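Read off the chains here:
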Amino acid sequence: NSFFRVSVEVLAKQMTLIDQTAFHSIPIIEYLDKAWERPRYCGVNDNTRSWIDRFNAGSEYFITQILSSKGEEERIHRVNHIAKLGKTLLDMNNFMSAAMVTFALSHISLKNIESLWRNLPKNTVGYIDELIICMSHAQNYANYRKRLQKVHPVKLCRVKSDDRHNILISKPCIPNLLVHHKDIFYEHESYSMKTGIKNSHISFQRSRLLGKHLLLLHNLRKNVYVFKTDIAVALMLEQNIKPRLSFLESNKTKSQNQIYCFGKTISHHSS
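Criteria and cut-off values
Residues numbered from 1 in each chain as written. Predicted model: local features only at pLDDT ≥ 70, side-chain atom pairs only at ≥ 80, totals over all residues. Heavy atoms only, no water. Helix = DSSP H or I, 4+ residues; strand = E, 2+ residues; numbered from the N terminus. Contact = heavy atoms within 4.5 Å. Salt bridge = Lys/Arg side-chain N within 4 Å of Asp/Glu carboxyl O. Core = buried A, V, L, I, M, F, W, Y, C linked by side-chain atoms within 4.5 Å. Buried < 20%, exposed > 50% of the residue type's maximum accessible area, 1.4 Å probe, protein only. Phe/Tyr/Trp six-rings, centres within 6.5 Å; stacked < 30°, edge-to-face > 60°. Lys NZ or Arg CZ within 6 Å of the ring centre and 35° of its normal. Axes fitted to C-alpha atoms, helices over the stretch in contact; angles between N-to-C directions. Parallel < 35°, antiparallel > 145°, perpendicular 65-115°, else oblique. Arc of directions from axis to C-beta. Polar contact = N/O pair within 3.5 Å; in protein donor to acceptor, adjacent residues only side chain to side chain.

### Here we look at the overall build of the protein
No. 1: A count of helical and extended segments in the protein gives 12 helices and 2 strands.
No. 2: Secondary structure of the protein in N-to-C order comes out as α-α-α-α-α-α-α-α-β-β-α-α-α-α.
No. 3: If you take every contact in the protein between residues at least 6 apart in sequence, the share linking residues at least 24 apart comes to 73%.

### Here we look at the pattern of salt bridges
No. 1: Counted by the stated rule, this structure contains 9 salt bridges.
No. 2: Residues Asp-91 and Lys-87 are paired through a salt bridge, measuring 3.3 Å at the closest nitrogen-oxygen approach. On the criterion of helical spacing, the pair formed by Asp-91 and Lys-87 is a turn pair, its members being 4 residues apart in helix H3 (residues 72–91).
No. 3: Each of Lys-87, Asp-91, Glu-130 and Arg-147 takes part in one network of salt bridges that share partners.

### Let's talk about the nonpolar core
Nonpolar side chains tend toward joint burial in soluble globular proteins.
No. 1: Among the nonpolar cores identified, the biggest contains 64 residues, and Phe-3, Phe-62, Leu-85 and Leu-105 are the most heavily contacted of them.
No. 2: Discounting chain neighbours no more than four positions away, the residues touching Phe-3 are Leu-11, Tyr-61, Phe-62, His-81, Ile-82, Leu-85, Met-236, Leu-237 and Asn-240.

### A short note on the environment of Cys-261
No. 1: By the element assignment, Cys-261 lies in helix H12 (residues 249–270).
No. 2: For Cys-261, a relative accessible area of 46% puts it in the partly exposed group.
No. 3: Residues Cys-261 and Ser-109, 152 residues apart in the sequence, show an inter-C-alpha distance of 7.6 Å.

### Focus: the packing of aromatic side chains
No. 1: The full count for this structure, using the stated rule, is 8 aromatic pairs.
No. 2: Judged by centre distance (6.4 Å) and plane angle (50 degrees), the rings of Phe-55 and Phe-103 are tilted. Here Phe-55, found in helix H2 (residues 46–67), pairs with Phe-103, found in helix H4 (residues 95–105); they are 48 residues apart in sequence, far enough to count as distant.
No. 3: Of the residues examined, Phe-103 reaches a relative accessible area of 41% and is grouped as partly exposed.
No. 4: Among the aromatic residues, those joined into a cluster by ring pairs are Phe-3, Phe-4, Tyr-61 and Phe-62.
No. 5: Over the aromatic face of Phe-185 sits the side chain of Lys-34, whose NZ or CZ is 4.1 Å from the ring centroid.
No. 6: The positively charged end of Arg-221 is found above the aromatic ring belonging to Phe-23, 5.3 Å away from the centroid.

### Comments concerning the environment of Arg-208
No. 1: Structurally, Arg-208 is set in helix H10 (residues 204–219).
No. 2: Measuring from C-alpha to C-alpha, the distance between Arg-208 and Glu-187 comes to 9.9 Å, with 21 residues separating the pair along the chain.

### Looking at H4
No. 1: Burial of H4 is extensive: 10 of the 11 residues sit out of reach of the surface.
No. 2: Looking only at H4, the buried set comprises Phe-95, Met-96, Ser-97, Ala-98, Ala-99, Met-100, Val-101, Thr-102, Ala-104 and Leu-105.

### Notes on unusual backbone geometry
No. 1: Within the chain, Lys-34 stands out as a residue other than glycine whose phi angle is a positive 55 degrees.
No. 2: When you line up the elements, Lys-34 lands in the loop between helix H1 (8–24) and H2.
No. 3: Here Lys-34 falls in the partly exposed class, since its relative accessible area comes to 26%.
No. 4: For Asn-140, which is not glycine, the phi torsion reads 60 degrees and is therefore positive.
No. 5: Along the chain, Asn-140 falls in helix H8 (residues 138–151).
No. 6: Residue Asn-140 is classed as partly exposed on the basis of its relative accessible area of 35%.

### Details of the environment of Val-101
No. 1: Summarising the element assignment, Val-101 is placed in helix H4.
No. 2: Placed 43 residues apart in sequence, Val-101 and Gly-58 show a C-alpha to C-alpha distance of 8.1 Å.
No. 3: Sequence-distant contacts of Val-101, that is, excluding residues within four places in its chain, are made with Phe-62, Ile-82, Gly-86, Leu-89 and Leu-131.

### Observations regarding the packing of H1 against helix H11 (residues 231–241)
No. 1: Relative to each other, H1 and H11 sit at 70 degrees, their axes nearing to 10 Å. Taken together, the axis directions place H1 and H11 in an arrangement best described as roughly perpendicular. Contacts between H1 and H11 involve Val-10, Leu-11, Gln-14, Met-15 and Ile-18 from the former and Val-233, Ala-234, Met-236 and Leu-237 from the latter.

### Focus: H11
No. 1: Those residues of H11 not exposed but buried are Val-233, Ala-234, Met-236, Leu-237, Asn-240 and Ile-241. Buried residues along H11 cover an arc of 160 degrees about the axis, so they all sit on one side. Structural note: H11 exposes Ile-231, Ala-232 and Gln-239 on the side pointing more than 90 degrees away from its buried face.
No. 2: Those residues of H11 that are buried lie in contact with H1 and H2.
No. 3: Sitting at the head of H11, Asp-230 places a side-chain oxygen 3.3 Å from the backbone nitrogen of Ala-232.

Written as structure tokens, this is what we have:
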């Protein structure tokens with residue numbers, strides 16, 4: 001498989017460029033009123049839906065590539081390659097694709113293969129643990145938020161070379177939109193529940209709370225990655241992802257069931 005013959009650094013850079021284009025294409029309006037979960041025919045979330053579809057397709061690709069390995073040695077090699085890729089994406093501050101890799105490596109179909117986890121190199125286990133810890137749901141994604149704060153500090157930082165100015169020091173970043181969707185929806189819904197103000201009424205306080213999240217996502221687009229495009233690798237990534245794009249929930253459920261059964265079969269023969 002050509003994917004596993006390309007260095008993780010090259011793969012991470014090309015994935016990040018693709019993710020950057022997708023993130024920057026989402027208009028602010030698609031973050032409001034839980035638009036990202038509305039049916040496709042409404043036409044109010046086309047760019048966000050595309051983002052979510054690619055996230056699901058990418059995680060499915062990684063899972064199936066591990067499960068379809070010819071033997072235990074190749075399976076370990078593929079997990080090691082994908083884990084290194086996830087760690088590299090995390091270090092590049094591409095939190096969305098890092099979350100996608102984490103989701104894939106944490107899938108139940110892989111967890112059931114006990115021999116795989118027993119024989120993984122310690123550094124690979126370390127990469128996976130770091131990814132899982134960063135993307136943990138614990139304390140409202142506290143670890144992810146700490147990393148994001150380091151990349152994009154919300155407070156002003158003083159620059160030693162020029163004490164007359166306080167500026168924001170931030171780096172290129174692609175956020176984990178799953179977390180920010182949750183934040184925006186919580187602010188929208190919880191404020192109505194706490195105050196009794198209906199959604200149809202204008203609330204300036206709620207608008208300010210929502211505006212804080214929207215401004216963060218807007219500001220995260222200001223610093224961009226400037227990696228050189230590798231057309232061959234970008235095309236290979238697209239060819240791997242495109243066949244797994246699924247636009248119907250029934251197809252997604254069927255695919256997940258097949259993956260689970262495949263993983264269970266491998267686990268039975270490996271034990």
